[in-house]
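# Structural description and commentary
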Amino acid sequence: MSSSQSIPSDERYREVAELKAALDEHAIVAITDPQGKITYVNDKFCAISKYSSEELLGQDHRIINSGHHPKEFMRDLWHTIAHGHVWKGEIKNKAKDGTFYWVDTTIVPFLNEQGKPRQYIAIRADITERKRAEEALCQSETERRQLEQALSAATERERGRIARELHDGLGQQLGGLLFLMNGLQRDLESANSPQADIAGQLSKELATAITQARNLSHELYAVPPQPDGLVQALDSLSERVSASYGIASEFSADTVLVHDQNVASHLYRIAQEAVHNALKHGRATRIEIQLSQQADRVELRVRDNGVGFSPQQDSHGLGLRTMEQRARLIGGRFNVQSQPGTGVEVICSVPKSAVEKSDVEGTKPSQ
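Residues numbered from 1 in each chain as written. Predicted model: local features only at pLDDT ≥ 70, side-chain atom pairs only at ≥ 80, totals over all residues. Heavy atoms only, no water.

Take the packing of helix H9 (residues 229-245) against helix H10 (residues 261-280) next. Where H9 contacts H10, the two axes come as close as 10 Å, and the packing angle between them is 20°. Taken together, the axes of H9 and H10 lie roughly parallel to each other. Judged by the twist between their axes, the crossing of H9 over H10 is right-handed. From H9, Leu230, Ala233, Leu234, Leu237, Arg240, Val241 and Tyr245 reach across to H10, where they touch Ala264, Leu267, Tyr268, Ala271, Gln272, Val275 and Leu279. Along the lines of polarity and charge, the residues of the contact of H9 with H10 split into twelve nonpolar, one polar and one charged. (Axes fitted to C-alpha atoms, helices over the stretch in contact; angles between N-to-C directions. Helix = DSSP H or I, 4+ residues; strand = E, 2+ residues; numbered from the N terminus. Parallel < 35°, antiparallel > 145°, perpendicular 65-115°, else oblique. Left-handed = near helix turned anticlockwise from the far one by under 90°. Contact = heavy atoms within 4.5 Å. Nonpolar A, V, L, I, M, F, W, Y, C, P; charged D, E, K, R; others polar.)

Here we take up the side chain of Ser292. Relative to the helices and strands, Ser292 is located in strand E7 (residues 286-293). Within the structure, the side chain of Ser292 is placed 3.0 Å from the side chain of Gln294, a separation counted as a polar contact. The residues touching Ser292, leaving out its near neighbours within four places in the chain, are Asp254, Val256, Arg297, Val298 and Glu299. (Polar contact = N/O pair within 3.5 Å; in protein donor to acceptor, adjacent residues only side chain to side chain.)

Attention now moves to the sheet that holds strand E10 (residues 344-351). Taken in spatial order, the five strands of this open sheet run E6-E7-E8-E10-E9, and their pairing is mixed. At either margin of the open sheet sits one strand with a lone partner, and together these are strand E6 (248-253) and strand E9 (333-338). The average undirected angle you get between the axes of adjacent strands in this sheet is 10°. Most of the contacts of H9 go to E6, to which it runs at about 170°, and overall it touches E6, E7 and strand E8 (297-304). Set on the sheet, helix H11 (residues 318-329) makes contact with E9 and E10; between it and E9 the angle comes to about 150°. (Pairing = 2+ DSSP bridges.)

Looking at where Ser66 falls in the secondary structure, it is placed in the loop between helix H4 (53-56) and helix H5 (71-82). Polar side-chain contacts of Ser66 include one of 2.6 Å to the backbone oxygen of Lys92. Ignoring sequence-local partners within four residues, the contact set of Ser66 consists of Lys92, Asn93, Lys94 and Phe100.

Further remarks concern the nonpolar core. Soluble globular proteins tend to pack their nonpolar side chains together in the buried interior. Counting 37 residues, the largest nonpolar core has Leu234, Ile287 and Ile289 as its most contacted members. Looking at this core, the elements that each hand over two or more residues are H9, H10, E7, E8, H11, E10 and helix H12 (352-356). In terms of residue count, the dominant contributor to this core is H10 (nine residues). One finds Ala30, Cys46, Tyr51 and Ala122 within the second-largest nonpolar core, a separate group that totals 20 residues. (Core = buried A, V, L, I, M, F, W, Y, C linked by side-chain atoms within 4.5 Å. Buried < 20%, exposed > 50% of the residue type's maximum accessible area, 1.4 Å probe, protein only.)

Pairing of E6 with E7 involves six bridges; the strand directions are parallel. Residue pairing for E7: Ala248 is matched across the bridge by Arg286. In the classification by handedness, the crossover that spans E6, the intervening H10 and the parallel E7 is left-handed. (Right-handed = clockwise from strand over helix to strand, strands pointing away.)

Our next topic: the pattern of salt bridges. The final tally for this structure, using the stated rule, is 17 salt bridges. A salt bridge links Arg62 to Asp60; the shortest N-O distance between them is 2.7 Å. Measuring nitrogen to oxygen at the nearest pair gives 2.8 Å for the salt bridge that ties Arg301 to Glu299. On the basis of relative accessible area, Glu299 is assigned to the buried category, the value being 8%. (Salt bridge = Lys/Arg side-chain N within 4 Å of Asp/Glu carboxyl O.)

Further remarks concern H5. Over its twelve residues, H5 extends 16 Å from the first C-alpha to the last, a length consistent with the 16 Å expected when each residue adds 1.5 Å. Inspection of H5 places Leu77, Thr80 and Ile81 among the buried residues, and these make up the whole buried set. Each buried residue of H5 lies within a common arc of 90° when the element is viewed along its axis, so the set occupies one face. Across from the buried face of H5, at angles greater than 90 degrees, the exposed residues are Lys71 and Arg75. Its buried side turned inward, H5 meets strand E3 (87-94), strand E4 (100-111) and strand E5 (117-126). (Expected span 1.5 Å × (residues − 1). Arc of directions from axis to C-beta.)

If you walk across this open sheet you meet the five strands as E2-E1-E5-E4-E3, and the pairing is antiparallel. Bordering the open sheet on either side are strand E2 (38-41) and E3, each of which pairs with just one other strand. Within this sheet the neighbouring strands show an average axis-to-axis angle of 30°, counted without direction. In this structure, strand E1 (residues 28-32) lies alongside E2, joined through three bridges in antiparallel fashion. Note that in E2 the partner of Ala30 across the bridge is Val41.

By themselves these figures say nothing about function.
Okay, structure coming up:
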């Protein structure tokens, strides 16, 4: 005799009733027929949906449909349980008073002798507060990003202001002094004055200062404001690397037009930082910069033949974190590939829609 047969029917009934009572205390429970019509709801279901049991019985779950989930979501749910499989997921519902609530849901199909569902039991837990907290956190994040974008744009604008002052202000003043000093040197030489050598040295110092001011201005305000400015800036970066460090540096580009100055500036800074890392840490003797136009994105690649690093090494220094942050601010994907002895390749992909914008978050184009 089986254990179930040994228990009196009234005792089995009591046990089932006790289990049901315990479940009703803990969970939101509903039972539907094979067509999805509601045949039972417990008090917790009525409390969270704000419908009475009389209003719910005979209805289907469309009565609490919030419209949040796409048709494919609900189609997948019904396909799963109709084939006798348990479905689990999170559902956003709408109460009678128009408020929304979230439930963590498990729907269990009970099958007849033919293996077809004869009823469905849905057991739910209220997760509304958790989902609200997640939404608040997301809102705080989508806001943090806007703040970061605004701060970044402000920083780039300040760079541009300082660069213009260096070039148009200090640079021109130094240029005027150099012109006067050259004239003074010639006069002193004509008079056979011993001060002519000092004037010549001062002229050389002024020329050096002018060059440094122009280079600094260029670094601060590297990307011209026109759509092909990024291509020009990267080409200039490659040339300066070759001239200053005496290593092989090559730049190649498709016809890439970046209308958003903020995006162009961030991409240039990523390339600049990657080149800096290759020279300072990678001890590279060859650097390649490539800007390409893909079907759905613009892709920047900076490759070097330096010492590289292994994935086990601490490869997330300040430089890499800065590049990752810049990529994130313009909605791009950032990746670094390296192995010891094989150099490093830095890749940043930006959606085509981002480079086609004329502005970011309402900020003025900035450098």
